[in-house]
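# Per-entry structural report
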Amino acid sequence: MVFYANHFHNKGTSSKINTNDKDDTVFGSHKLVTSIRCKQEMQEFTEVTNSRMMWLNFPSLFICLSVTGVRLKLLATQI
């Protein structure tokens, strides 16, 4: 996008201002901010998932140890 600004009225010249570089800079900055925000959201999601998995490991461990205890008790009564 190119536009002309005629702000030198006394000299009668017009200056050409190229906004492509500015547009690219703004677009790049927006893309970077969006990427950072997405990474932060994914990090928060991962932390929540890891926390849930940690808390689900405890009941699983309890169930496994309970089944082991019951089997050992049954084995001891059969001998």
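Residues numbered from 1 in each chain as written. Predicted model: local features only at pLDDT ≥ 70, side-chain atom pairs only at ≥ 80, totals over all residues. Heavy atoms only, no water.

When helices and strands are tallied, the protein shows one helix and two strands. For the protein, the N- to C-terminal ordering of α and β elements is β-β-α. Put simply, the protein has 79 residues, and 4% of those count as buried. A total of about 7600 Å² of accessible surface is found on the protein, and carbon and sulfur atoms cover 65% of it. (Helix = DSSP H or I, 4+ residues; strand = E, 2+ residues; numbered from the N terminus. Buried < 20%, exposed > 50% of the residue type's maximum accessible area, 1.4 Å probe, protein only. Areas by Shrake-Rupley, 256 points an atom, 1.4 Å probe, with all protein chains shown as cover.)

Once that is clear, we can look at the packing of aromatic side chains. Two aromatic rings are characterised by how far apart their centres lie and by the angle between their planes. The full count for this structure, using the stated rule, is one aromatic pair. Plain terms: the ring middles of Trp 55 and Phe 58 are 5.7 Å apart, the flat faces sit at 55° to each other, and that makes the pair tilted. Of the two residues, Trp 55 and Phe 58 both sit in helix α1 (residues 20-78), three residues apart, roughly one turn of that helix. Classification of Trp 55 by relative accessible area gives exposed; the value is 55%. When its relative accessible area of 49% is taken as the criterion, Phe 58 is described as partly exposed. (Phe/Tyr/Trp six-rings, centres within 6.5 Å; stacked < 30°, edge-to-face > 60°.)

We now examine the confidence of the model for the protein. Across the protein, pLDDT averages 82, with 77% of residues at or above 70. Element-level pLDDT for the protein is lowest in strand β1 (residues 2-8), with a mean of 48, against a maximum mean of 92 in α1. (pLDDT = per-residue confidence, 0-100.)

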